[in-house]
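Here's the letter readout for the chains.
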Amino acid sequence: MPDHLPPVPPPTAPAVPPHGRRPDDAELIRDPLVEVQGLAKYFDVSKPFLNRVFEGAPRRLLRAVDGVDIKIPRGETFSLVGESGCGKSTVARTIVGLYRPSRGTVMFEGTDLATLTRRAARMPFHRRVQMIFQDPFASLNPRWRVLDIIAEPIRAHRLAKSAQEVRERVAELLTQVKLTARDGEKFPHEFSGGQRQRISIARALASNPDFLVCDEPTSALDVSVQAQILNLMKDLQRELGLTYLFISHNLAAVYHVSDWVGVMYLGRVVEWGAKRTVFSTPRHPYTRMLLDTIPDITMSGRERMPVGGEVPNPIDPPPGCPFHPRCPHANERCVAELPASKVSEQGSHVACHGVEEGRIPTHAAPGAKVGLGKG
Amino acid sequence: MADSSATEVDIAGRAAPDPGGKPPAPATRRAGPVARFFDGDLWYSFKRSPLTIVAAVVFLIIVIGAVFAGLLAPHNPLTPMTMDARTPPFGTSYMGNYFILGSDNQGRGVLSAILYGLQISLSVGLCSVLFAMVLGVGLGLLAGYMGGWVDALIMRIADIQLSFPAILIALLVDGVTRELLGQSQRQADLAFWVLTFSIGFSLWVQYARTVRGSTLVERNKEYVQAARVIGIHPLLIMLRHVLPNVTGPVLVIATIGLAIAIITEATLSFLGVGFPPTRPSLGTLIQQGQQVLGSEWWIATFSGLALVLLALSVNLLGDWLRDALNPKLR
Amino acid sequence: MALLEVDNLRVEFPTRRGTLVAVDDVSFAIDEGEVLGVVGESGAGKSLTGTAIIGLLEPPGRVAGGEIRLEGKRIDKLPPDQMRRIRGAKIGAIFQDPLTSLNPLYRIGTQIVETVLTHTDLTPTKARMRALELLKEVGIPAAEHRIDHYPHQLSGGMRQRVVIALALCANPRLIIADEPTTALDVSIQAQILALLRRLGRDHGTAVMLVTHDMGVIAETAHRVAVMYAGRIAEIGAVRQVVGRPRHPYTVGLMGSIPAVGRDQERLTQIDGAMPRLTDIPRGCAFNPRCPHAFDRCFADRPDPIAMADGKVACWRFDQAEAAAEVGHA
C-alpha cells in the first residue's frame, strides 16, 4: 500500500447531527450549482442501416456514460478522475450541452437543461457555462487573431456596446491571464502551448461565466507550464468565485485543485465525496488501485504494485459490477448484480457490494493508516 | 554572490513558444500580408521549382493574351473577310494582309481567333469552376457539419452523379436547356451560360467530397466545440470557423478543375454542342481545322497547341500547389 | 568502460534561416544493466538525443559533432546498412505510439519470428518458440493465443508489450525507450515500467528512458539527466537529482509537480517557457527564468561541473563551491 504517500490530512469532521448518523458528504452541498441525476450518454456505433438489414447485425451501443449522479457546489472544484475511456470527458461535454443526454438530467441552478429547447432560452446558459479544452493546439481557430477569438463570446452575447469596448475588455482579459494587450493582434501559432491555454482561459472568461468545465486542461502541457496554469486557475477561482468541473487522469493534479472528487470507471462514478475523504479513506477497490498507481516521486524505493488487467470495452461491459473482472474482492453477487451507490461510514458515496456488506474492511484502505492515524 | 536585481526580468508567461520535439519551426516575423507571402513557404517552394516558374509564365502570357485579345489581335475574327481565307502561316493574303499563323476558310486569322478563343475558354472555365466550387463547398460543408440524413442524402446524390462521366452530364444539361429554351437568336450568349452551368454541374462532386472530409475533421476539433459552447449559431460556425479552415485543398482542386473545365468546354464545342461556329472558341477552331487537316494543317495545329499549353500550365500549377500545401511532402 | 558513451554530442538542423542547434554538447554514459532517465520539457532535445544514438535522425537533422560509442566502438559515423544491423542486434527502440512500430498487415507472431530469424540462426520452429517466450516474458496473457492476433486486435498496453518484445528479439545490449508509457493508462504504465526495470536486472540490458514525467523517472531510473534547451542541466543519481536537486531549473521543475497529500495553495512556478532554438539567450540558456542568475550567467555558458554524485551545469556550483560541497559530502 502506498506508504510513500505523505499523509492525507483527515477530513474536517462535520458536525454529527442529532440522530447520531454521520452525514454523507453530499449533504454538505446545500445549494449545488450543477446537479447531475442518472446521466447516461450512449453512442450508436452500429453498422449502417443497410448492413444491419442485410447482415442481420444488431444495433450496438457504446455506453460512454451510464448512470452518473453528482452534485457540484457553488464556488468549489469538483474533479472527475479515471482512466481513458471511463466517460469522464463525455460527462463534461454533456454538462456543457455539446451532447444531448440519452437518459437523466443535468440541472443548472435548479433548471433542467432539457427544458431549454429554444435557442434564446439557452443563450443565458451558454453565457454562464464555459469550457477549457485539452489540446491547446486545436482549441483556437488557427485563422483568427487572438483578439477575435477572445471577443467571440463578448460579441455573441452582446456584452459590449462598441468595438472600442470589446477591445478594452479583451485587453483586460489578456492581462488577467498574464498575457499582454498587444498579444491580441497575433495569431495562435505565434504562442506556446501554455500561452495558448491562457488564451483559451481568457476566451472562457470573456462572458463572465459562473461555471467552467475544464477537460484535461493541463495534460498536454509540460510540468512547469502545468504549474503555471493550475496556479492561474486557482487565482481566478478565488478572484471571480468560479465553480470548476475539473476532468483529469492525473491524481496529483486532482488532489491539488479539488474540493470534491469523483472516481469514474466504465461510465459510472464508483466513488465520490470530499477530496480528503476519498484520498485518505478510499473505499472502492478501484479507487485504491488508482491511488496505488501514482508514480512515486518521493523516492521511498517502493515498487508500484502492478495491477493486472485493463479497462474492458465499453461496448460490451461485463455484467454486474463493471470492475469485477479486475477486483480482488469480487464474488458471485458482484458478477450478477450492479451495485448501487451507498453512503459509506466515511461519508463518501461508494458503489460496491463488498463495501456495503462490510467485506472490504476500512482499515485496509491505503490512506487510512497514514491519514486517519495521524488525525 | 548572486546579484538578484539582475534577475528581475519581466517574462511572466511571455517567453517564446517552445518548438516542440520535431525540427523547430523558424520564428515567424510579424509583417504585412504581402511581405508574409514572399517570406512564406509557398513562395520559397515556387522559387525552387523551375518547371512551375515556366508554367506560371506561360499561363500569365495566355491570360494577358486572352484578356487583351481586343487590343492584341492583329485582326478581328468576328468580322472575317472571305478574301483572306486559307492563307498559310507567315503568308500574305490576296487582300495584302499578313497572317503569322495563317487564316482559316472564313478568312479569320488563326492567331486572332486563338486569342479570342482563349478568352472564351478561360471565362467559361473560370465561371464553371466558380459555380462548381460554390455548389460543392456549400453542400460539402452542410453534409459534413450536419451529418445524419442530410449528409447521407447529399453524398448519395454525389455518388450517383459521379457514376456518370462529366461530358455526359454536360451533354445532358446542354441538350435539356437547348430543348427548353429553343434555338434563340442570341445563341452565342446563351451558349456561354449553358456551358458554364453544365460543366460546373459536372464538377461539384469533387469539391463536396473533399470539403465534407475536411469538415468532418474540423468539426470535431476543439475550437469548433468551443464555439458551440459559446452558443454560436451552427450556420455561423460553418461559415466563420469551419469554412476558412477547409479551403486549402479546395484551391488545389479548383486549379486542376480549371484545366478540366477548359478541356471539357473545348470538347463540347468540338462536338458541336458548345459555341456556334461563328464564335471562335478553341473547340470550334479545332473542329473546323480537323476537317481540313490535310490542306490547312495550321488551323487545328495551332489551336490545339494553344489548348495544350493552357491546360498543361494550369495543371502544372495545380500540381505544384498541391505539393506545396501538403505538409507531408515538405 | 560503460556500455554506451556519448561525448559532446551535437545535433543540428540546417534551415533556410540558419542552423539550429537542437542538441548541444551533450555527454553521458550508461552502464550495463543501468536505467538512465532523460527528462525534460518538450523541445529540450531529449528525444533527438535518443534518435541520434540509434541513427534515425530525420534529414535535414544531422549529428554535427561529438562521438557515440557502443561497447567502445564508434557508431555515429557508420554507413546506413551497418547501422541498421546494429539497430536490430545491439540497440532496441521503443517509441511512444506502438502502432507506428508494428505493421498492421502482419500477425504479431509473424513480425516477431521474422525479426528473430534476421538476428539469430534459429530454425523457424525454434524462432516461433522464442517469439512465444518473448511474449510471455513481456507479460502478455494467453500468449499462445495472442501470437496469431493482428496489432489492431490488441489494446494499447498489449501493443506496447509487443513492441518491447520486438525490441528484445536479438537480446540487445541497449534499449532506447522514448516516452514508452505516455500513451498508456496509469495502471498499464506501472506494468510496463516494472518490465523495463526487470530487463536491466535479469539480462543486464541498459535502458535509456526518455520521458517528460518525473514520476516515471523517479521510480524506474538509476541515474537521471535533466535536459534544458538542448543541453544537460544536471545529471546524477536519481536520489540526488530528484531528492536534492541542485540546478535551479531542476529545483523549479520538482517544485512544480503537484503531489497527493501535499497541501499547498500554489505550486512553485517557473515563469516563462523554454526559449525557442532560434533565440537561445547568451550565457546560460536558463538565465531569463532563473531566480539566482548573476552577471556570469548572462555572459558565459556553464559546462557541467563535476560534483559528488553527478554534474551540474550552473555557475553557482563552479570549482570553489563544488569543492566545498564535495568536502561536505
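Everything that follows concerns the structure shown earlier in this document.
Every chain is numbered on its own, with residues counted from 1 as its sequence reads. Numbering of ligands from 1 and lettering of chains from A proceed in the order in which they are written. Only residues with pLDDT of at least 70 get local features here, since the model is predicted, and only at 80 or more are side-chain atom pairs given and counted; chain-wide, interface and lining totals rely on the full set of residues. The side-chain numbers reported here are obtained from all heavy atoms of the structure, hydrogens and water having been left aside.

Chain A puts 38 residues into the contact, and the matching count from chain B is 26 residues. Here the quantity called buried area is the accessible surface, traced with a 1.4 Å probe, that two parts lose on coming together, added over both. If you sort the residues of chain A by the area they bury against chain B, Leu98, Arg119 and Glu152 of chain A come out on top, with a joint share of 19%. Polar contacts, as used here, are pairs of N or O atoms within 3.5 Å; protein pairs need one atom able to donate a hydrogen and one able to accept it. Residues neighboring in sequence count only if both atoms are side-chain atoms. In this assembly, chain A and chain B are joined by 13 residue pairs in polar contact (both at pLDDT 80 or more). Going along the chain from the N terminus, every DSSP run of H or I of four or more residues is numbered as a helix, and every run of E of two or more is numbered as a strand. Elements with a minimum of two residues in the side of chain A that touches chain B: helix 3 (119–128), strand 6 (129–132), helix 4 (146–156) and helix 6 (193–205) of chain A. Ten residues, namely Ala, Val, Leu, Ile, Met, Phe, Trp, Tyr, Cys and Pro, are considered nonpolar, four, namely Asp, Glu, Lys and Arg, are considered charged, and the remaining ones, Gly among them, are considered polar. Considered class by class, the residues forming the side of chain A that touches chain B number 14 nonpolar, eleven polar and 13 charged. Between two residues, a contact is recorded if the distance between any of their heavy atoms is within 4.5 Å.

Residues and elements named next belong to chain C. Should a side-chain nitrogen of Lys or Arg be within 4 Å of a carboxyl oxygen of Asp or Glu, the pair is scored as a salt bridge. In the structure shown here, the tally under the stated rule is 50 salt bridges over all chains. Here arginine 223 ties to glutamate 34 by a salt bridge, and the two come within 2.8 Å at their closest N and O atoms. With arginine 223 in strand 9 (residues 223–228) and glutamate 34 in the loop between strand 2 (18–30) and strand 3 (35–39), this residue pair connects regions lying 189 residues apart in the sequence. Owing to a relative accessible area of 23%, arginine 223 belongs among the partly exposed residues under this scheme. By sharing partners, the salt bridges in this structure join Arg10, Glu12, Asp24, Asp25, Arg62, Arg231 and Arg301 into a single network. Between buried and exposed lies partly exposed: a residue is buried under 20% and exposed over 50% of the maximum accessible area for its type, with that area taken using a 1.4 Å probe on protein chains only.

So, about the sheet that holds strand 9 of chain C. Residues and elements named next belong to chain C. Here the rule is simple: two strands pair whenever DSSP picks up at least two bridges between them. Strand order across the open sheet formed by eight strands is 6-7-8-3-9-10-12-11, with mixed pairing between neighbours. Because the sheet does not close on itself, it has two edges, and the strands there are strand 6 (91–94) and strand 11 (305–307). The sheet shows a mean angle of 20° between the axes of neighbouring strands, direction not considered. Relative to strand 9, strand 3 is paired through four bridges, and the arrangement is parallel. Directly across from valine 39, in strand 9, lies its bridge partner valine 226. Every axis corresponds to a line fitted to the C-alpha atoms, with the helix fit spanning only the stretch in contact, and the corresponding angles, defined between N-to-C directions, vary from 0 to 180 degrees. Contacting strand 3, strand 6, strand 7 (174–178), strand 8 (206–211) and strand 9, helix 1 (residues 46–53) crosses the sheet at an angle of about 145° to strand 8. Packed on one face of the sheet, helix 11 (residues 248–255) meets strand 9 and strand 10 (231–237) and runs near 100° to strand 9.

Next up on the list: the packing of helix 6 of chain A against helix 7 (residues 223–240) of chain A. Residue and element names in this part refer to chain A. Contact pair helix 6 / helix 7: the axes reach a minimum separation of 10 Å and the direction vectors enclose 20°. Classified by the interaxial angle, the pair formed by helix 6 and helix 7 is roughly parallel. Helix 7 is crossed by helix 6, and the crossing has right-handed handedness. Two secondary-structure elements touch here, helix 6 through Gly194, Gln197, Arg198, Ile201 and Leu205 and helix 7 through Val225, Gln228, Ile229, Leu232, Met233, Leu236 and Leu240. Tallied by class, residues from the contact of helix 6 with helix 7 come to eight nonpolar, three polar and one charged. Orientation is classified from the angle alone, with under 35 degrees giving roughly parallel, over 145 giving roughly antiparallel, 65 to 115 giving roughly perpendicular, and any other angle giving oblique. Crossing handedness is defined as follows: a turn of the near helix away from the far one that is anticlockwise and smaller than a right angle gives a left-handed crossing, while the clockwise case is right-handed.

A separate point is the interface of chain C and chain A. In this complex, chain C contributes 45 residues to the contact, which on the side of chain A involves 47 residues. Where chain C packs against chain A, one counts four salt bridges. Put simply, glutamate 265 of chain C and arginine 238 of chain A hold a salt bridge, and the shortest N to O gap is 3.0 Å. Summed over the shared surface of chain C and chain A, the result is eleven residue pairs in polar contact (both at pLDDT 80 or more). Residue assignment for the side of chain C that touches chain A shows that the elements contributing at least two residues are helix 7 (156–168), helix 8 (186–203), helix 9 (214–220), helix 10 (238–243) and helix 11 of chain C. By residue number, the principal contributor to the side of chain C that touches chain A is helix 8 of chain C, which donates nine residues. Here the residues of the side of chain C that touches chain A sort into 18 nonpolar, 14 polar and 13 charged.

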